[in-house]
Amino acid sequence: MITLKKALELPKEELAELKKDLAAKAAEHKELNAYIALDESGEGVPIAIKDNIQVDGWEVTCASKILQGYYAPYDATVIKKLKSAGFAPFGRTNMDEFAMGSTTETSCYGKTLNPKDPSRVPGGSSGGSAAAVAAGIAIAALGSDTGGSIRQPAAFCGIVGMKPTYGRVSRFGLAAYGSSLDQIGPMTKNVEDAVILYNAIAGYDPKDSTSAQVAFTPVEPNPERKLRIGVVPNFIKDASAAIQKAYDKAIEALKNAGHEIVEVTLMDAKYDIASYYITAMAEASTNLSRYDGVRYGRRAQADNLKEMYRKTRSEGFGEEVKRRILLGTFVLSSGYYDAYYIKAQRARHLIKDEYSKVFEEVDLILSPVAPNVAYKFGELASPMEMYLSDAYTIGVNLAGLPAISLPVDEYEGLPIGLQLIGKAFDEQTLFDGAMSLERATRS
Ligand code: GLN
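Let me begin by describing the structure that accompanies this report.

What counts as what
- Per chain, residue numbering runs from 1 following the sequence as it is written.
- Since the coordinates come from a predicted model, pLDDT governs what is reported: local features require at least 70, and pairs of side-chain atoms require 80 or more to be given and counted, while whole-chain, interface and lining totals use all residues.
- By convention in this description, side-chain values take in all heavy atoms of the structure and omit both hydrogens and water.
- Distances are taken per atom, and a residue is near a molecule or strand as soon as one of its heavy atoms is within 4 Å of it.
- Pairs of N or O atoms are called polar contacts if they sit within 3.5 Å, as long as, within protein, a hydrogen donor faces a hydrogen acceptor (for residues adjacent in sequence, only side-chain-to-side-chain pairs).
- All accessible areas in this document rest on Shrake-Rupley with a 1.4 Å probe, and a residue is counted as covered only by the protein chains that are shown.
- Lining residues are those with an atom within 4 Å of a point, where the points come from a 1 Å grid over the protein atoms alone and group into cavities, where a 1.4 Å probe fits but cannot get out, or pockets, open sets with protein on both sides within 12 Å along at least five of seven lines.
- Being in a pocket or cavity means that more than half of the molecule's atoms lie within 2 Å of its grid points.
- Under this grouping Gly is polar, as are all residues other than the nonpolar Ala, Val, Leu, Ile, Met, Phe, Trp, Tyr, Cys and Pro and the charged Asp, Glu, Lys and Arg.
- By salt bridge we mean one thing: a side-chain nitrogen of Lys or Arg within 4 Å of a carboxyl oxygen of Asp or Glu.
- Put simply, DSSP H or I for four residues or longer makes a helix, DSSP E for two residues or longer makes a strand, and each gets a number counted from the N terminus.
- Each residue gets one of three labels from its accessible area relative to the maximum for its type: buried under 20%, exposed over 50%, partly exposed in between, using a 1.4 Å probe on protein chains only.
- Nonpolar cores were defined as sets of buried Ala, Val, Leu, Ile, Met, Phe, Trp, Tyr and Cys residues, with membership established by side-chain atoms within 4.5 Å.
- Here, residues are in contact when the closest pair of their heavy atoms is within 4.5 Å.
- In this analysis, axes come from line fits to C-alpha atoms, helices being fitted only over the stretch in contact, and the angle between any two N-to-C directions falls in the range 0 to 180 degrees.
- Orientation labels follow simple angle bins: below 35 degrees gives roughly parallel, above 145 gives roughly antiparallel, 65 to 115 gives roughly perpendicular, and whatever is left gives oblique.
- What makes a crossing left-handed is the near helix being turned counterclockwise from the far one by less than a right angle; a clockwise turn instead makes it right-handed.

Moving on to the site of the ligand. In the neighbourhood of the ligand, 15 residues make up the surrounding shell, with T146, G147, S149, Y177 and Y276 lying closest. Here a nitrogen atom of the ligand sits 2.8 Å away from a polar atom, N or O, in the main chain of A99. The contact in question runs from an oxygen atom of the ligand to an N or O atom on the side chain of R324, over 2.9 Å. Protein contact buries 99% of the 290 Å² of open area that the ligand shows by itself. Applying the majority rule of atoms within 2 Å of the grid points places the ligand in the largest cavity. In terms of residue class, the shell around the ligand is built from five nonpolar, seven polar and three charged.

Here the focus is the pattern of salt bridges. Counted according to the given criterion, the structure contains 17 salt bridges. Across the pair K255 and E252 runs a salt bridge, and its minimum N-O distance is 3.5 Å. You can see K255 and its partner E252 sitting in helix α8 (residues 241-256), three residues apart, about one turn around the helix. Owing to a relative accessible area of 42%, K255 belongs among the partly exposed residues under this scheme. You can call E252 partly exposed: its relative accessible area is 41%. Linking R324 and E320 is a salt bridge whose minimum nitrogen-to-oxygen distance equals 2.7 Å. With a gap of four residues between them, R324 and E320 both fall in helix α11 (residues 319-332), about one helical turn apart. One salt-bridge network, held together by shared partners, links D51, E59 and R92.

Okay, the nonpolar core next. Ranked by size, the top nonpolar core spans 136 residues in total, and within it L82, F98, L142, Y355 and L366 carry the most contacts. Residue contacts for L82: discarding those within four places in its chain leaves I47, I49, F87, L142, L197, A200 and I201. Listed in part, the five residues of the second largest apolar core include I278, A282, V331 and A344.

It is worth spelling out the environment of D409 at this point. Position of D409 among the secondary structure elements: in strand β10 (residues 403-411). Once residues within four sequence positions are removed from consideration, D409 is found in contact with A246, K249, L414, P415 and I416. Here K249 takes part through its side chain, which lies 3.1 Å from a polar atom of the side chain of D409.

For the rest of this paragraph, the subject is the packing of helix α3 (residues 77-84) against helix α6 (residues 191-201). Running from N to C, α3 and α6 cross one another at 115°; their axes reach a closest spacing of 8 Å. One element, α3, and the other, α6, form an angle in the roughly perpendicular class. Handedness of the crossing formed by α3 with α6: right-handed. Together, V78, K81 and L82 of α3 and L197, A200 and I201 of α6 make up the contact between the two elements. Along the lines of polarity and charge, the residues of the contact of α3 with α6 split into five nonpolar, no polar and one charged.

With that settled, the discussion passes to the environment of R313. Locating R313 in the fold gives a position in helix α10 (residues 305-316). As a C-alpha pair, R313 and L388 span 75 residues in sequence and 28 Å in three-dimensional space. In this view, R313 contacts I66, L288, S289, Y291, K322 and I325; residues no more than four positions away in its chain are not counted.

Any functional reading would require information beyond the geometric quantities listed.
Have a look at this one:
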């Protein structure tokens, strides 16, 4: 598959050919269910877009029945930026409903399969984007990451997935899940392509009140830079043997590449999980209150307003989304607000402070992305088990940091991804380290 860098240099006719080829290949791989719909009409290098990002004129559903029939009336800022940088949105990729999940199984369009082994999950929630890139039916894609939804599917499918610093990329036009956690980011074949896409979408946006007014200089990756990289022995003990082995191998590779390895400690990830799921569900419950049958998409037939609200939401939302709205409403209720929501925010501060301390000593942190390789469909028995599997990714969102997941190894033919975590707004160093790690581990 052609890289983004090469695709940007193609003359118009060849680009049109490339699009045709991609569409034909996507049709051949229909069983993967990576795309919800394709649109070859745009001019530019085709980029697959997660179905929670507004593209003017496209149906945008967040893979939820409740939004079916809703057409975006404008472009998200990232789409505007892509279009002006020579890219064209190419298709809507499948995802967990409203980005809630880790497997892409909660989509109203049915699950996406992992191209490396169709009996296994592609990860989630940006599983459609990851599967499309891994299967060679997209050159690159956009995903969104609230608690790992770019990085974990990237790791499960063997591609690169990057979550920018919170506030670095505009959320204008991204359907909100957890507004204080969500970030859009690139999903690509390699680190160089991730840099290209990141540079195209990053920067301050007055249309997003949480967009950071921090000067943005396009990243020019320098894999020769020698860095201090923190490793977290206490953190990785809960990962599978295969992941631990890959972790040790990556450390050796980084040492051989001339980086200094420093052992650091991060607090038990059980606090990340508790803090994240309370925060994300609380924010989701308020964000999703707007889907009431009046303003967007689907409306149920009913005799009065209250019944219309109730029927629309009962029929429109899936089980996982309902569970989260209920739990989120509960933790925000006046009797429990202090006990859950406020406590979760306190924990979040501690987690952020801890990262800041660690980053006084190191430039980057190396961490697993998931405790295991991609698992089989149905292997995780309960929603709780699935929440626990997010242990390695969600701290990064709570602390608002940038991180990149890249494939470094394989276990029985299944990809293993590890992530580098950087300081807020230091994407330059993150990409420097990522490119070095990619070179050191890909032979
Ligand atoms: N798996 C996590 C969740 O379900 C993260 C999802 C995401 O990043 N959108 O909330």
